[in-house]
Amino acid sequence: DPFNDVDVDVIFSKDGATWRVPTFWRGGSEWTVRFASPSPGEYTYRLESTDKSNPDLNGQEGRVRISAYTGTNELLRHGPLRVSPNKRYFEHADGTPFFWLGDTWWCGMSSRLSWEGFQKLTADRKAKGFTVVQIVAGLVPEFGPPSDPGFCNEGGCVWDPEFKRINPRFFDYVDRRVQHLVDSEIAPAIVGAWNYGVLAEMGVAKMKKHWRYIIARYGAYAGFWIVGGEVFDPPEEVARRLGELSMSRSIPGGWTDLARYLRATDPYHHPVTVHEIPPPYDFPLQDESLTDFDLFQSSHFGWSSIAVSVAQLNMHYARAEVTKPVVEGEIGYERIMETHLEDFQRMAFWLTRLNGAAGHTYGAAGTWMSYTTDKPNNWTFLTWEEGINHPGSYQVGLGAKLLRQYPWWRIEPHPEWVTPRGTTLLEPRSGINGFDLGTWDLFSSDDSTPPSDADYPTGEWKAHGGNFRLPYAAGIPGDVRFIYVPCSGLNCTTGAPTVLGLELGIRYHAYYWEPSKGIKIDLGAVERPSPGATIREDKFDDSKASAWTDYGTKSARGGGRLSSSGEMLAILNGVSETDLVAAVDAHSDAEAGLVLRFQDTDNYLAAVYSSKDRALYLLDRKKGVDGRPLGHTPVSAIGPDIRLTAEVRGGWAAVSITDGQHTCVTPIVDVIGRRGFMPAVASKILPGGAGLRHSNDGTTQSFGNFELRKSPTLVTDEYLERKLYDARGGYRGELSGPEWDDFAREKVILLDAYKPPNFLIRQDSLLVLERMK
């Protein structure tokens, strides 16, 4: 019984290094070895076998000369795949970064997907920019024993019905598929088996034989190992605490043992992971060190699955004890149960990539199980030939191609770059697994209706008021920024966000990018300006006491401070400006306010920090009544000694607060009530005075170091591209005429913030700021 009784290894050697490479049984008395050398040159080899009495399989020696690859295939030219030194992404052996955009073909090794169909699907995914295919080595998900004819191929079934031995002929037909993927520069991510009783039926020893066979046949190719599908193998004490999950738990410690065996057997050290079950069960293996990266399944529960994905990615990205690449491996297959359509696919892709993911895997009804009309199923009537054309696959491919124009491997989450912004859980955290994603029962409910955003996830996400339908930002400081603005449904009212924290001396080129067709809309240059000319400064010494007029409670001056305990409104004399920047220090944990465009006590604009509400906002006071807070922004952490700064320019205003360590900035807000992107109406804007404000809230505020400056001069554009083209080169119109001539010509840049015009149509959008050379 050659397969069960004999293991044969070939030990290759060169310059003192050795590689123990397992062989695979070809049938009869034939074994084959496949070796991928790390460098060209002459190698020696010798055979070793567990059958020590067999002279043909022990001690045989020889030499082989291996030359360097000279073609253009990226997988071969740059070498095998590994985790990067900073453990945030994947790279080739020569250090070239590898971009993971995956597709899901769980049954792609079976005749459910014909060889002709396999080639067609591969060509389609290569053209769309996919770089990884997740595929199962015969022991496929969810359906029957391995002898089920629906999951065999031209060579038969992967194992005999009683798991006595593997079928080499099955893998003969898998060989050309794996080779074709690699020839097409798509890395196979091979799953050993799916976890629905297969391990319990086979036993760990037979599953190890299965994995040894996979390593022997496909280890010489660039790719990834996925130990098992939907694995849940936690430590015993965790299993007791969570309770038995019978559908995914088979042999306690079995999958962990397999991962350990795989790592010991693979001479090439391919990146290893497991495909996880959905949350809240967050213990895929008993030993975290056995996987090189995390492959999450945020599952198929409607829009809330995206919230799960963001929470999972953030929590694992922020771990202090361990750093690994994190990959979204399964989320909302397109049109599964006729849900998760193309807008879901776009949002899922962009929110994973902008929240620290090293990769994103797409899936589609029809293709994920390679459905055909002669092999029915209970998920969809769509065949793989129909699934290949779902629009989401093209659109996530567009997103990947855009990111790959930049040094994407340096992109990191930067939620502080945008307001308003979606929820993140990126604060550094201790622990490795077991993060609180809630206990919503994914498996026992009879209600197939996807949960609402408010239902799931719960736990830490809900405690933070989780909202994934607001903008997210990521990028490379001083180089490039990406801000994705979600939008779903006719009630999309997000509008343009405010980009924060622009660096001095960096000029960006800004553009909108429409993510379903790849249409680029030029927004011109964006640059934080140098400070404007000084209008007035006051250190609050006695020399300038007469420069202020008090309206209400009289302020007290002395020791470099201006103080008040009552309803104070102190206005600087001799100032009448439309556009200016005002700043002041405040030295008490009490309300502090700056006054701009002061007409009289009943009409002015105020920039307010409310210590009571822990909030920052602007107030447009008219006819003696404070309007509703504009740009209301929570201030979570700030010290008692602060610097309050506000700018008003045209119809826009913004305010910031800092204690030297923490900074908070409001969105840039409309203070004249205009709508859309039309330029400000000058007749509505009157110049006015500037000063300080403090409410009668029972506290005393002490101001210092007051400063007024002119609004600085902004960058201008010599030219804006007005013609619109999609990613295929199709003409999409021109921004011209009375409605469009002024689009993006007004620069809304205040303090260190930029507000682009609202996107042209009501749908999701991507705002890109790229450094101008």
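What you are looking at is a predicted structure, and each value in this text was computed from that prediction instead of being measured.

Calculation notes
Residues numbered from 1 in each chain as written. Predicted model: local features only at pLDDT ≥ 70, side-chain atom pairs only at ≥ 80, totals over all residues. Heavy atoms only, no water. Helix = DSSP H or I, 4+ residues; strand = E, 2+ residues; numbered from the N terminus. Buried < 20%, exposed > 50% of the residue type's maximum accessible area, 1.4 Å probe, protein only. Contact = heavy atoms within 4.5 Å. Areas by Shrake-Rupley, 256 points an atom, 1.4 Å probe, with all protein chains shown as cover. Lys, Arg positive; Asp, Glu negative; His and termini not counted. Charge placed at Lys NZ, Arg CZ, Asp CG, Glu CD. Axes fitted to C-alpha atoms, helices over the stretch in contact; angles between N-to-C directions. Parallel < 35°, antiparallel > 145°, perpendicular 65-115°, else oblique. Nonpolar A, V, L, I, M, F, W, Y, C, P; charged D, E, K, R; others polar. Phe/Tyr/Trp six-rings, centres within 6.5 Å; stacked < 30°, edge-to-face > 60°. Lys NZ or Arg CZ within 6 Å of the ring centre and 35° of its normal. Core = buried A, V, L, I, M, F, W, Y, C linked by side-chain atoms within 4.5 Å. Salt bridge = Lys/Arg side-chain N within 4 Å of Asp/Glu carboxyl O. Pairing = 2+ DSSP bridges. Disulfide = S-S within 2.5 Å. pLDDT = per-residue confidence, 0-100. Expected span 1.5 Å × (residues − 1). Bend = angle between axes of the 7 residues up to and from the residue. Polar contact = N/O pair within 3.5 Å; in protein donor to acceptor, adjacent residues only side chain to side chain.

## Topic: the overall build of the chain
Next, step 1: For the chain, the helix and strand inventory stands at 13 helices and 46 strands.
Next, step 2: In terms of overall dimensions, the chain has a C-alpha envelope of 105 × 60 × 60 Å along the principal axes.
Next, step 3: Among the 773 residues that make up the chain, the fraction classed as buried is 59%.
Next, step 4: In the chain, the share of contacts with a sequence separation of at least 24, taken over all contacts with a separation of at least 6, comes to 69%.
Next, step 5: Split by element, the accessible area of the chain, about 30600 Å² in all, is 49% carbon and sulfur.
Next, step 6: Charged side chains of the chain number 81 positive and 99 negative; the gap between the two group centres comes to 4 Å.

## What to know about the packing of helix α9 (residues 304–317) against helix α10 (residues 342–353)
Next, step 1: Contact pair α9 / α10: the axes reach a minimum separation of 10 Å and the direction vectors enclose 10°. The pairing of α9 with α10 is recorded here as roughly parallel in orientation. Two secondary-structure elements touch here, α9 through Ser 305, Ile 306, Ser 309, Val 310 and Leu 313 and α10 through Phe 344, Met 347, Ala 348, Leu 351 and Thr 352.
Next, step 2: Tallied by class, the residues present in the contact of α9 with α10 amount to 7 nonpolar, 3 polar and no charged.

## With respect to unusual backbone geometry
Next, step 1: Put simply, Pro 279 and Pro 280 share a cis peptide bond, and its omega is 15°.
Next, step 2: Along the chain, Pro 280 turns up in the loop between β14 (272–273) and β15 (294–299).
Next, step 3: Residue Pro 420 is reached from Thr 419 by a cis peptide bond, and omega for that bond is -10°.
Next, step 4: Along the chain, Pro 420 falls in the loop between β19 (418–419) and α13 (459–463).
Next, step 5: Despite not being glycine, Glu 230 has its phi angle at roughly 55°, a positive value.
Next, step 6: As for its position among the elements, Glu 230 is in the loop between β13 (224–226) and α7 (236–242).
Next, step 7: A relative accessible area of 8% means that Glu 230 is categorised as buried.
Next, step 8: A positive phi angle, close to 50°, is found at Ser 370, a residue other than glycine.
Next, step 9: Position of Ser 370 relative to the elements: it lies in the loop between β17 (359–361) and α11 (384–387).

## Quick notes on the packing of aromatic side chains
One pair of aromatic rings is described through two measures. These are the centre distance and the angle between the planes.
Next, step 1: In the structure shown here, the tally under the stated rule is 43 aromatic pairs.
Next, step 2: For the ring pair Trp 115 and Phe 118, a centre distance of 6.2 Å and an interplane angle of 25° mean the geometry is stacked. Residue Trp 115 and its partner Phe 118 are located together in helix α3 (residues 115–128), separated by 3 residues, close to a single helical turn.
Next, step 3: A relative accessible area of 0% means that Phe 118 is categorised as buried.
Next, step 4: Between the aromatic rings of Trp 368 and Tyr 371, the centroid separation amounts to 6.0 Å while the plane-to-plane angle is 80°, which identifies the pairing as edge-to-face. No difference in accessibility class separates Trp 368 from Tyr 371, as the two residues are buried.
Next, step 5: Among the aromatic residues, those joined into a ring-pair cluster are Phe 3, Phe 24, Trp 25, Trp 159, Phe 163, Phe 170, Phe 171, Tyr 213, Tyr 218 and Tyr 221.
Next, step 6: If you follow Arg 429 out to its NZ or CZ, it ends over the ring of Phe 435, 5.4 Å from the centre.
Next, step 7: Seen from the ring of Trp 417, Arg 481 lies directly overhead, with NZ or CZ sitting 4.1 Å from the centre.

## Quick word on the nonpolar core
Next, step 1: Counting residues in hydrophobic clusters, the biggest one holds 78 residues, and the most contacted among them are Trp 100 and Phe 224.
Next, step 2: If you tally residues by element for this core, the top one is helix α6 (residues 204–218), at 8 residues.
Next, step 3: Judged by nonpolar contacts, the second largest core, of 43 residues, contains Val 310, Trp 350, Leu 425 and Phe 482.

## Points about the pattern of salt bridges
Where charged atoms from two side chains of opposite charge come close, those side chains can pair.
Next, step 1: Counted according to the given criterion, the structure contains 52 salt bridges.
Next, step 2: Salt-bridge contacts for Arg 20 lead to Glu 48; the nearest nitrogen and oxygen are separated by 2.8 Å. Of this pair, Arg 20 sits in strand β2 (residues 17–22) while Glu 48 is found in strand β5 (residues 41–49), placing the two residues 28 residues apart along the sequence.
Next, step 3: Given the relative accessible area of 41%, Arg 20 is considered partly exposed.
Next, step 4: With a shortest N-O distance of 3.1 Å, Asp 292 and Arg 263 are connected by a salt bridge. Of this pair, Asp 292 sits in the loop between β14 and β15 while Arg 263 sits in helix α8 (residues 254–265); the two residues are 29 residues apart in sequence, bridging distant segments of the chain.
Next, step 5: Each member of the salt-bridge network shares a partner with another, and the members are Asp 7, Asp 9, Arg 20, Arg 46, Glu 48, Lys 209 and Arg 212.

## Some remarks on the sheet that holds strand β7 (residues 81–83)
Next, step 1: Spatial ordering of the open sheet is given by β7-β8-β9, a layout of 3 strands whose pairing is antiparallel. The outermost strands of the open sheet, each flanked by one partner alone, are β7 and β9 (97–98).
Next, step 2: Across 2 bridges, strand β8 (residues 90–92) lies against β9 in antiparallel orientation. Looking at β9, one finds that Phe 90 is bridged to Phe 98.

## Concerning the state of the cysteines
Next, step 1: Counted under the stated rule, the structure contains 1 disulfide.
Next, step 2: Put simply, Cys 152 and Cys 157 are joined by a disulfide, and their sulfur atoms are 1.7 Å apart. Around the S-S axis, the bridge from Cys 152 to Cys 157 shows a dihedral of about 70° and counts as right-handed. Residue Cys 152 shares its accessibility class with Cys 157, and that shared class is buried.
Next, step 3: Considering cysteine sulfurs only, Cys 152 is the nearest to Cys 107, which forms no disulfide, with 11 Å between them.

## Observations concerning the sheet that holds strand β6 (residues 61–66)
Next, step 1: Here we have 4 strands laid out as an open sheet, ordered β2-β1-β5-β6, and antiparallel in their pairing. With one partner strand each, in any of the chains shown, β2 and β6 form the two edges of the open sheet. This sheet shows a mean twist of 30° between the axes of neighbouring strands, independent of strand direction.
Next, step 2: Summarising the sheet, strand β1 (residues 8–14) and β2 pair through 6 bridges and their orientation is antiparallel. Directly across from Phe 12, in β2, lies its bridge partner Trp 19.

## Some remarks on the confidence of the model for the chain
Next, step 1: Per-residue pLDDT for the chain averages 91, and the proportion of residues at 70 or more is 94%.
Next, step 2: Across residues 675–683 the pLDDT falls below 50, and counting only partners more than four positions away or on other chains, this stretch makes 16 contacts in the model.

## Notes on helix α4 (residues 168–183)
Next, step 1: Between the first and last C-alpha of α4 there are 22 Å, a value that for 16 residues agrees with the 22 Å anticipated at 1.5 Å per step.
Next, step 2: Val 174 marks the point of greatest bend in α4, at about 25°.
Next, step 3: Those residues of α4 lying buried are Pro 168, Phe 170, Phe 171, Val 174, Asp 175, Arg 177, Val 178, His 180, Leu 181 and Val 182.
Next, step 4: Those residues of α4 that are buried lie in contact with β3 (24–27), α2 (74–77), α3, β11 (132–139), β12 (187–193) and α6.
Next, step 5: The N-cap residue of α4 is Asn 167: its side-chain oxygen and the backbone nitrogen of Arg 169 are 3.0 Å apart.
Next, step 6: Positive backbone phi, at 65°, marks Glu 185, one or two positions downstream of α4.

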